Amino acid sequence: MTDATVPPAVARPGLFEGDARTRKRNAAERRFRLYGMIAVGAGLFFLVTLLFAIVSNGIGAFQQTSFTLRVEMREDVLDKPGNRNIEDIKAVKTFAYKPLLRAAILREIEGNGIDTPLSGAKIVGFSSDLDKLLSDGAAAKLRNQVLANPELIGRTVEVTVLASSRVDGYLKGRVTRESIARDKNLDAEHLDLVDVLRGAGVVGKGINTAFITGTDASDARPEQAGMGVSILGSFFMMLVVLLLALPIGVAASIYLEEFAPQNRFTDLIEVNISNLAAVPSIVFGILGLAVFIQFMHLPQSAPLVGGLVLTLMTLPTIIISTRASLKSVPPSIRDAALGVGASKMQAVFHHVLPLAMPGILTGTIIGLAQALGETAPLLLIGMVGYIASNYPDGVGAGFLDPNSAMPAQIYEWAKRADPAFYERAWGGIIVLLVFLAAMNILAIILRRRFERRW
Amino acid sequence: MYDTPKLESETVTDEVKISARGCQVHYGDNHAIKDVDIDIQDKTVTSFIGPSGCGKSTFLRCLNRMNDTIDICRVQGNITLDGQDIYDPRVDPVQLRARVGMVFQKPNPFPKSIYDNVAYGPKIHGMARNKADLDGIVEKSLRRAAIWDEVKDRLGAPGTGLSGGQQQRLCIARAVATEPEVLLMDEPCSALDPIATAQVEELIDELRQDYSVVIVTHSMQQAARVSQKTAFFHLGNLVEYGDTGQIFTNPADTRTESYITGRIG
Amino acid sequence: MPAIWLTLAVLALATAGYVLGRARALTSAGGDSRKLHSLPSYYGIHVFLFTAAPALALLALWILVQPLIIERAVSTHLPERVFSGNADRGLVMSDVRRVANGLDLAVSQGAMTTEYARTVRTELTDVRERLGEVGVAVGSDIGPEVLRAAQNYRSLAARGDLLRSLTIAVLALGGLLVSIIRTTRDFRARNVVEQAILGLLLLSATIAILTTIGIVFSLIFNTVEFFGLYPAWDFFLGLTWSPSFGGGSELGIFPLLWGTFYISLIALAVSVPIGLFAAVYLSEYASPHVRSVAKPLIEVLAGIPTIVYGLFALLTVGPLLMRVFGDGGVGIMQAGTAVMTAGLVMGIMLIPFVSSLSDDIINAVPQAMRDGSLGLGATRSETVRQVVLPAALPGIVGAILLAASRAIGETMIVVMGAGAAARLSMNPFDAMTTVTAKIVSQLTGDADFASPEALVAFALGMTLFVITLGLNVLALYIVRRYREQYE
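Residues numbered from 1 in each chain as written. Chains lettered and ligands numbered in written order. Predicted model: local features only at pLDDT ≥ 70, side-chain atom pairs only at ≥ 80, totals over all residues. Heavy atoms only, no water.

Chain C carries the name Phosphate transport system permease protein in an unreviewed UniProt entry, which gives Rhodovulum imhoffii as its organism. What UniProt records for chain C under Function (unreviewed entry) is the sentence "Part of the binding-protein-dependent transport system for phosphate; probably responsible for the translocation of the substrate across the membrane." Note on chain C: under the UniProt heading Sequence similarities (unreviewed entry), the record states "Belongs to the binding-protein-dependent transport system permease family. CysTW subfamily." (UniProt positions renumbered as here; feature names shortened; annotations may be inferred.)

Per an unreviewed UniProt entry, chain B is named Phosphate ABC transporter ATP-binding protein (PhoT family), and its organism is Rhodovulum imhoffii.

Right under this line is the structure:
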């Protein structure tokens, strides 16, 4: 059957002495392995670098520099008639409060015996060199305090007001003496003064809760900018996504997995879903702009519209994961239900769906997390560029009034000219990532807790 | 057809090729092989028989250190090839496997052409100096595997396109192309139909001329037909090892007797 | 009646129907639920569905269609002379809508009476100022025609709303009546309800198709309109991109495609080797312990939103590259935003995408292949390079195509990291721009939607959609074929 001859005896070394070729092959093997380790290392390195950049740049946003000043609320300025009539007090504009703050700073300079060219600064007038130390919003804050409690007038009150973003940056190391050389917003003598006042406990850094709860501020007041309103905007959007995407996604999955006949229409739906999952998110933005805003005239910048767009974007993700969890419920469960005379619909809703629920919820949470971080479609429906400076009043307004969203707010800050906003943007990313991490951890816990092995 | 008497043994040499002493294998917590001692002879077909899960395949995979590829598997004891310990730290498993070839349960040709399947081993081991050499090795190996006539006109066709029996003979050709000294076969016929099985069995008998062949089989008839020596494994123990004729006609151990008469298995 | 109240009213009616239907069924069976064909609650749900579903479906349809009809009616009554100059119909209509909304608001805040809002004339009052008082800003002066059109719009809308409320009420009551009458003890309520639910499930499933249709239509209509204003030939073959909102724009897509292609190429050059080697290492070499730690960590990169990568490109990677390749260093980089910046960061983003897809695909290669190769004395790397990777090649090509489609469609990283200049250059340290970045900039500017400068964004979107769709379909086809091979 075979005419092969006995193979010629190959000269083989013993097992213990490797030949040159094997050594070469093993070197190649080690190199290859090394490449793999380098690749994994590179991936991890990028992750660490990214996280380091985020934390080191953004942690500053959670602290804010403020002045603690003893302000004399002079009656002759704030309430000339002297009868504490709220209308009269309201008539005094923010502008009038500025000299009070300036005087308070000068008093600190004198009280601490500081030698500074600024001690000759004007108290009255449109602007003063001392103003550069404080936030533009400081006078407004003082006014609000007085309006809330007119009894303060005539007394000397200790108030805490925000420092200007340059002073804040100086305390955080972002602003240096070199960097302010060409900066008209702050001079070296200001920094000298801040150094001394800091020693005297007048200026200091504190925890900045306003960054998380506060509203966005205009270009000139980065020290006041917070993301509270945009967090609400994101919250209302996620509510829309959850309320629409979960029921629709589950219903669509049940149909496709349990009831759909094998025909071309079903195929069409399936192909559609898998393709929609890979359509660039910006295209969903175009869809939202054309259909929801141009065609249906829904309000621009509204969380409702953002939510609708994100729903359409998230649906494929939710459908795909829901179908996977429905598929993992073994057919024997369906057979058992059908065997006791349940209808197919009852078998699905009473038995299959509850068993698949943990998986469905896990998929939904992951889809929501994806939607929460999405920015590109929001650009097109006007959620970027809107200054989120007011809290929505009420639930209806929460859905329909123009608002921003967390990622849109971050983008907005990143676009602004003042580098002080960059710190806010990084800080915003920390907040966003904390939300995302929380959602993902919740999903993992759900999966661990309810994971079922059939 | 399964009751055909075993092929008569012609040249049983007494030269020991592989020898194991006190071999233990653990799979995680599972003690899969317990203290096995065995001497496998050159130019002989040795068959390992035993019920499923008795450890015969596991032991086979120890002989060319294929178990190294499984993370949780630990091998203890002493196994030598021509007197050299194959688990010695100086031994490169790559070199060892070139000398102890293996054919698997399911035919597993690479998704490449027939030619490339056979040429793969010689290429990685640098056995051919030029294309003509390689062509010679491929042809010789295909002839030894008794498949040359069926594929010589389509060496460029994918190996996965062959029938099951042809695929398994291709895998044998692939294994002999590296000119091993020992050929391990892990249930090589279990995925084949009777005709293909007969062809492969005939081939095994031919291969005995040049190699020490170790075959794991579920079929006692097959063991009786192709092997000169038989080892019976049960629950990780080597129960009995001896001439095939003696094992099947006059087993020493009651467990062996129960198995070959069909009471355990 | 506002839609929200109408909806609540219908739902209330339907809930009442549930109680009625259930009670009627029980009564017809003499109070013994065992004599009913279905469980009592099915009779209730049956009535509920028949009352609410058609009414609410019609309501949704009405909300969509009514503005279109009214708009057409109002628009055709506008005299030609309001379109004098270059104000186009869409712009005038948006004024009309804004004035109408303003009047609504003024009435609801009590700044105007209903009667006054209906009859006010611009000849007599400064309507713009009155509207400004309630917080509605109208850009230009309100002409008498626009005001009249707005009043016309309001009266039509009021009439439409009344008609809507009536129709919906009739439909809901009719549904309630019919379903109640049908309810007897032998009525197969469960079957009917299940059919209806099946219909709802099917409807949900078709949303995927509706979304695709929505995308295609919103792109096609506006693209066709764009090509009416700007020749398609110049768009596809033009080598210059210089939109100017004053007119005389050159809108050639080629520089944008080049930027997109260049950035994607760099991104793939970063992500494919790293992702692929990482996948090979994790699936073929790493111990289970290392794998269980490293794999999820790398996948964290995939969960990070693109805005984060955008900021990373803009504020970290850009300045870093600038220090090396900028004026102080090599001197071939003008600004931090450049093709290289965006490409590198996008590459980092795509690493987990490539690695987890490749990991799946490599794991799909049967273990028997590896055993066969290792059994012949091949090393692991020889097995990977000569057996596993060739066997997995189609799947990996599919994965790379999917990654390419991701890169082409990525927006935030290029908006923030690549610059804004459309440029045909070979220098990867030049700023360039992409299709997605220009979609954003053309649609977020102050251009009016009817100008070619804004409409071009839809043509860009269409191009993007077609390219990514083609890549996805091809990739999914290849991957599916590959999986079937090993199943």
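When its secondary structure is counted, chain C shows 17 helices and two strands. Taken against the 2.2 N^0.38 rule, which gives 23 Å for 487 residues, the C-alpha radius of gyration of chain C at 31 Å runs more than 25% over that of a compact globule. By principal-axis analysis of the C-alpha atoms, chain C measures approximately 85 × 75 × 40 Å. The buried share of chain C, reckoned over its 487 residues, is 49%. Across chain C, every contact between residues at least 6 apart in sequence was considered, and the portion connecting residues at least 24 apart equals 72%. Total accessible area computed for chain C in this model is approximately 21600 Å², and 66% of it derives from carbon and sulfur atoms. For chain C, the centre of its 33 positive side-chain charges and the centre of its 33 negative side-chain charges are spaced 12 Å apart. (Helix = DSSP H or I, 4+ residues; strand = E, 2+ residues; numbered from the N terminus. Rg over C-alpha atoms; globule rule 2.2 N^0.38 Å. Buried < 20%, exposed > 50% of the residue type's maximum accessible area, 1.4 Å probe, protein only. Contact = heavy atoms within 4.5 Å. Areas by Shrake-Rupley, 256 points an atom, 1.4 Å probe, with all protein chains shown as cover. Lys, Arg positive; Asp, Glu negative; His and termini not counted. Charge placed at Lys NZ, Arg CZ, Asp CG, Glu CD.)

The helix and strand inventory of chain B stands at 10 helices and 10 strands. Expressed as lengths along the three principal axes of its C-alpha atoms, the size of chain B is roughly 55 × 45 × 35 Å. Out of the 265 residues belonging to chain B, those deemed buried represent 59%. As displayed, chain B has an accessible area near 10400 Å², and 48% of this comes from carbon and sulfur atoms. Across chain B, 29 positive and 37 negative side-chain charges occur, with their mean positions spaced 4 Å apart.

Our focus in this paragraph is the domain arrangement of chain C. For chain C, the domain assignment lists domain 1 (3-187) and domain 2 (241-485). With centres defined by C-alpha atoms, the gap from domain 1 of chain C to domain 2 of chain C works out at 47 Å. (Domains from an automatic or database assignment.)

What follows covers the interface of chain A and chain C. One frequently used descriptor of interface size is the decrease in accessible area upon assembly of the parts. The interface of chain A with chain C comprises 73 residues on the first partner and 79 residues on the second. Summed over both partners, the interface of chain A with chain C comes to about 6500 Å²; 80% of that surface belongs to carbon and sulfur atoms. When residues of chain A are sorted by the area they lose upon contact with chain C, Phe32(A), Leu50(A) and Ile286(A) head the list and together hold 10% of the total. Arg25(A) is the partner of Glu382(C) in a salt bridge, and the nearest nitrogen-oxygen pair spans 2.8 Å. At 21 residues, helix α1 (residues 20-58) of chain A tops the list of elements feeding residues into the side of chain A that touches chain C. Its residues assigned to classes, the side of chain A that touches chain C comprises 56 nonpolar, 14 polar and three charged. (Buried area = accessible area lost by both parts, 1.4 Å probe. Salt bridge = Lys/Arg side-chain N within 4 Å of Asp/Glu carboxyl O. Nonpolar A, V, L, I, M, F, W, Y, C, P; charged D, E, K, R; others polar.)

Looking now at the sheet that holds strand β3 (residues 203-207) of chain A. Residues and elements named next belong to chain A. Spatially, three strands are ordered β2-β1-β3 in an open sheet, and the strand pairing comes out antiparallel. Each edge of the open sheet carries a strand with a single partner, namely β2 (156-162) and β3. On average, adjacent strands in this sheet sit at an angle of 40 degrees to one another, irrespective of strand direction. Where strand β1 (residues 63-72) meets β3, five bridges bridge the pair, whose relative direction is antiparallel. By the bridge assignment for β3, Gln64 is matched with Gly206. Packed onto the sheet, helix α5 (residues 138-148) meets β1 and β2 and runs at close to 135 degrees relative to β2. (Pairing = 2+ DSSP bridges. Axes fitted to C-alpha atoms, helices over the stretch in contact; angles between N-to-C directions.)

Turning next to the packing of aromatic side chains. The tally for this structure, following the rule as stated, stands at 24 aromatic pairs over all chains. Ring plane angle 65 degrees and centroid distance 5.5 Å describe the contact between Phe217(C) and Phe221(C), whose orientation is recorded as edge-to-face. Taken as a pair, Phe217(C) and Phe221(C) lie in helix α7 (residues 189-229) at a separation of four residues, close to a single helical turn. Since its relative accessible area comes to 45%, Phe217(C) is described here as partly exposed. Among the aromatic residues, ring-to-ring pairing joins Phe32(A), Tyr35(A), Phe277(C), Tyr281(C) and Tyr285(C) into one connected group. Over the ring of Phe110(B) we find Arg174(B), and its NZ or CZ is 4.2 Å from the ring centre. The ring of Phe50(C) is capped by Arg182(C), whose NZ or CZ atom sits 4.8 Å from the centre of that ring. (Phe/Tyr/Trp six-rings, centres within 6.5 Å; stacked < 30°, edge-to-face > 60°. Lys NZ or Arg CZ within 6 Å of the ring centre and 35° of its normal.)

Structurally, Arg169(B) is set in helix α6 (residues 164-176). Of the polar contacts made by the side chain of Arg169(B), one reaches the backbone oxygen of Ala146(B); its length is 2.8 Å. (Polar contact = N/O pair within 3.5 Å; in protein donor to acceptor, adjacent residues only side chain to side chain.)

This brings us to the environment of His37(C). All names here are of chain C. Looking at the element boundaries, His37 is found in the loop between α1 (3-28) and α2 (40-77). Judged by its relative accessible area of 34%, His37 falls in the partly exposed class. Here the alpha-carbon distance between His37 and Arg188, two residues 151 residues apart in the chain, equals 5.9 Å. Those residues within four positions of His37 in sequence are excluded, and the remaining contacts are Tyr43, Arg185, Asp186, Phe187, Arg188, Ala189 and Asn191. Among the polar contacts listed, one links the side chain of His37 to the side chain of Ser38, at a separation of 2.7 Å.

Counting 230 residues, the largest nonpolar core has Leu142(B) and Ile439(C) as its most contacted members. Looking at this core element by element, the count peaks at 16 residues for helix α9 (residues 254-285) of chain C. Ignoring any residue separated from it by four or fewer positions in sequence, one finds Ile439(C) in contact with Ile282(A), Ile286(A), Leu380(A), Ala457(C), Leu460(C), Gly461(C) and Leu464(C). Val92(A), Ala121(A), Ile153(A) and Leu186(A) belong to the second-largest nonpolar core, a separate cluster that totals 43 residues. (Core = buried A, V, L, I, M, F, W, Y, C linked by side-chain atoms within 4.5 Å.)

Another point: the sheet that holds strand β1 (residues 16-27) of chain B. Residues and elements named next belong to chain B. Strand order in the open sheet formed by four strands is β2-β1-β4-β5, with antiparallel pairing between adjacent strands. Where the open sheet ends on each side, the last strands, each with one partner, are β2 (30-41) and β5 (84-85). With eight bridges connecting them, β1 and β2 associate as antiparallel partners. Note on β2: the bridge partner recorded for Cys23 is Val36.

Residues and elements named next belong to chain C. Packing of helix α14 (residues 380-409) against helix α17 (residues 452-485) brings their axes to within 8 Å, and their N-to-C directions diverge by 160 degrees. Between α14 and α17, the angle falls in the class roughly antiparallel. As α14 packs across α17, the resulting crossing turns out to be left-handed. (Parallel < 35°, antiparallel > 145°, perpendicular 65-115°, else oblique. Left-handed = near helix turned anticlockwise from the far one by under 90°.)

On to the environment of Ala200(A). All names here are of chain A. Of note, Ala200 is situated in the loop between α7 (188-199) and β3. With a relative accessible area of 37%, Ala200 lands in the partly exposed category. Separated by 170 residues in the primary sequence, Ala200 and Gln370 place their C-alpha atoms 48 Å from one another.

This part covers unusual backbone geometry. Of note, Ser301(A) is a non-glycine position whose phi angle comes to about 60 degrees, a positive value. In this fold, Ser301(A) is placed in the loop between α11 (281-295) and α12 (303-327). For Ser301(A), a relative accessible area of 8% gives the class buried. The phi dihedral of Asp82(B) is positive, around 50 degrees, even though this residue is not glycine. As for its placement among the helices and strands, Asp82(B) is situated in the loop between β4 (73-81) and β5.

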